[in-house]
Amino acid sequence: PSRHHQDKFFLLAAQWRTETRCCSSTTQIAMHPAYQAIIGMAWPVLSLILEELRKDPAPWFWALKAISGEDPVRPADRGAILRMRDSWLRWGEAKQLIFPR
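Remember, it's a predicted structure, so these values are computed and weren't measured experimentally.

K.L.:
Would you mind going over helix 5 (residues 61-68) with me for this structure?
P.N.:
For an α-helix the count is 3.6 residues per turn, leaving residues at separations of three or four pointing the same way. Of the positions making up helix 5, those classed as buried are Phe-61, Ala-63, Leu-64, Ile-67 and Ser-68. Mapping the buried residues of helix 5 onto a view down its axis gives an arc of 165 degrees, with all of them on the same face. Contacts from the buried residues of helix 5 go to helix 3 (33-41), helix 4 (46-55) and helix 6 (81-94). Phi turns positive one or two residues past the end of helix 5, at Gly-69, with a value near 75 degrees.

Rendered as C-alpha cells:
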C-alpha cells in the first residue's frame, strides 16, 4: 500500500480501537464509521489488516471478508478467535499479501 493508504489506515484503526474499546457488540464494532472507512479502502489495506491481526486478534474478520469476498474460516472454527486469526493469516500468506513468520 502507498504511504497515504498506510497513514489513513493507521489513523482510522486507532480511532476505531479507541471509540469501540468498551463495546461488546460485534455488529456495533464493525459498523463504526472508521471501520467502515477502512473497508472502503479495499484491497490496498488487506495486508495492513492482516499484519494488525497477527499482532492482536481484534475483530478484523468482518472487514477481511467484506474486502476479499472470501472466508477461509472453517465452520467448526467460527467463534474461536485464535483459530479464525490463523485461518486468515494462512490465507494472506497463500495470497502473498503477507509473509510467513
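Next comes the rest of the account.
K.L.:
Could you clarify how one ought to interpret the side chain of Arg-85 in this entry?
P.N.:
Along the chain, the position of Arg-85 falls in helix 6. Residue classification places Arg-85 among the buried positions, given a relative accessible area of 17%. Setting aside its immediate chain neighbours within four residues, Arg-85 contacts Leu-53, Arg-54, Pro-57 and Phe-61.

K.L.:
What is the right way to look at the pattern of salt bridges in this model?
P.N.:
Applying the stated criterion across every chain yields a total of 12 salt bridges. Measuring nitrogen to oxygen at the nearest pair gives 3.2 Å for the salt bridge that ties Asp-71 to Arg-78. The partly exposed category is assigned to Asp-71, whose relative accessible area is 27%. Residues joined by salt bridges that share partners form a network here, namely Glu-51, Arg-54, Glu-93 and Arg-101.

K.L.:
Sorry if this is basic, but what is going on with the packing of aromatic side chains here?
P.N.:
Ring pairs (aromatic) are described by centroid distance and by the angle formed between their planes. In this structure the tally under the stated criterion is six aromatic pairs. Note on Trp-16 and Tyr-35: the rings are 4.9 Å apart at their centroids and 45 degrees apart in plane angle, and the pair reads as tilted. With Trp-16 in helix 1 (residues 3-20) and Tyr-35 in helix 3, this residue pair connects regions lying 19 residues apart in the sequence. Comparing Trp-16 with Tyr-35, the two get one shared label, buried. With a centroid separation of 5.1 Å and 75 degrees between ring planes, the pair formed by Trp-88 and Trp-91 is classed as edge-to-face. Here Trp-88 and its partner Trp-91 are both found in helix 6, three residues apart, which amounts to about one turn of the helix. Of the two residues examined, Trp-88 and Trp-91, each falls in the buried class. By way of ring pairs, the aromatic residues Phe-9, Phe-10, Trp-16, Tyr-35 and Trp-60 are connected into one cluster.

So, how was this worked out
- Residues numbered from 1 in each chain as written.
- Predicted model: local features only at pLDDT ≥ 70, side-chain atom pairs only at ≥ 80, totals over all residues.
- Heavy atoms only, no water.
- Buried < 20%, exposed > 50% of the residue type's maximum accessible area, 1.4 Å probe, protein only.
- Helix = DSSP H or I, 4+ residues; strand = E, 2+ residues; numbered from the N terminus.
- Arc of directions from axis to C-beta.
- Contact = heavy atoms within 4.5 Å.
- Salt bridge = Lys/Arg side-chain N within 4 Å of Asp/Glu carboxyl O.
- Phe/Tyr/Trp six-rings, centres within 6.5 Å; stacked < 30°, edge-to-face > 60°.

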